[in-house]
Amino acid sequence: MSINRVIISGNLTRDPELRATQSGMQVLGLGVAVNDRRKNPGTGEWEDYLNFVECVMFGSRAGSVAQYLSKGSKVVIEGKLHWSQWERDGKKRSKLEVIVDDIEFISTRKETGQPPAGEFACTTPMPAASVDPATPASTPDPAFSLYDDDIPF
C-alpha cells in the first residue's frame, strides 16, 4: 500500500485561474510558493529557497473559492500528487501537481471586508461613551450585550 497525501502552506504566486471543461465542470488553477530553509555550506548562514507548486481544484467549490483568493493570499492546501504527461509539437512534456481536496484561507482578499483567519472582527456596534458626568463612562448600556447569554462558559 502507498500513501499519496500532501499538505503545503504558502502564498499564491498569481491570481487564481478559473476555467471550465467542455462538460461545464469548473477547474481552478493555483500557483503556490512554499519556502524551504537550508544552511549554505559556504557561508554557514541559513537561506530561504522557494519551491513553486502548481495546484488544481475541480467542481463547484472551485468557483466559490476563486472569489476569495488573489495573488499573495496565504493558504494551506491538502491534496494528492498527480503526474501527467502529454506531447506538444513533437516534444514530450510532463508535470507534477497537487489535486486540491481541502483548502484553508489564512488570508483573504481585502475587498471582501472579511478578516483574515484567526482575527477577530466585532460586527456588533459598541455602545457610545456616556456624556452625562453623573454616569461613569465605564457603565455599559443595559440594552447592549457583547456576549450571547446562551454561552455556557
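Residues numbered from 1 in each chain as written. Predicted model: local features only at pLDDT ≥ 70, side-chain atom pairs only at ≥ 80, totals over all residues. Heavy atoms only, no water.

Undergrad: Kindly report on the pairing of strand β3 (residues 26-39), identifying the contributing residues and their values.
TA: Note on strand geometry: in a regular strand, side chains alternate between the two faces of the sheet. The pairing of strand β1 (residues 6-12) with β3 spans 2 bridges and is antiparallel. Looking at the pairing, Asn11 lines up with Ala33 of β3. Relative to β3, strand β2 (residues 17-20) is paired through 4 bridges, and the arrangement is antiparallel. From the neighbouring strand, Glu17 faces β3, where its bridge partner is Gly29. Here β2 folds back onto β3, and the loop between the two strands holds 5 residues, one of which, Gly24, carries a positive phi near 100 degrees. Linkage of β3 to strand β4 (residues 46-58), two consecutive antiparallel strands, is achieved through a turn of 6 residues, within which Gly44 is found at a positive phi near 80 degrees. (Pairing = 2+ DSSP bridges. Helix = DSSP H or I, 4+ residues; strand = E, 2+ residues; numbered from the N terminus.)

Undergrad: So what about the confidence of the model for the protein chain? Which residues, and what values?
TA: Detailed reading of the predicted coordinates is not advisable wherever pLDDT is low. Summary statistics for the protein chain give a mean pLDDT of 78 and a share of 70% for residues scoring 70 or more. Put simply, helix α1 (residues 60-66) is where the protein chain has its lowest mean pLDDT, 91, and β1 is where it has its highest, 96. When the criterion is pLDDT under 50, residues 111-153 qualifies, and its contacts beyond four places in sequence or with other chains add up to 19 contacts. (pLDDT = per-residue confidence, 0-100. Contact = heavy atoms within 4.5 Å.)

Undergrad: I'd like a rundown of the nonpolar core, residues and numbers included.
TA: By size, the foremost hydrophobic cluster in this structure holds 19 residues, and its most contacted members are Ile8, Leu30, Val32, Cys55, Ile77 and Ile103. Contributions of two or more residues to this core are made by β1, β3, β4, α1, β5 (74-88) and β6 (91-105). With 4 residues, the single largest contributor to this core is β3. Those residues within four positions of Ile77 in sequence are excluded, and the remaining contacts are Val6, Ile7, Ile8, Leu30, Val32, Cys55, Val98, Val100, Asp102 and Ile103. (Core = buried A, V, L, I, M, F, W, Y, C linked by side-chain atoms within 4.5 Å. Buried < 20%, exposed > 50% of the residue type's maximum accessible area, 1.4 Å probe, protein only.)

Undergrad: Break down the pairing of β4 for me, with residues and values.
TA: Sheet topology note: the β3/β4 ladder contains 13 bridges and is antiparallel. Bridging from a neighbouring strand, Gly29 pairs with Val56 of β4. Sheet topology places β4 next to β6; 2 bridges connect them, and they run parallel. Across the sheet, Val56 pairs through a bridge with Ile99, a residue of β6.

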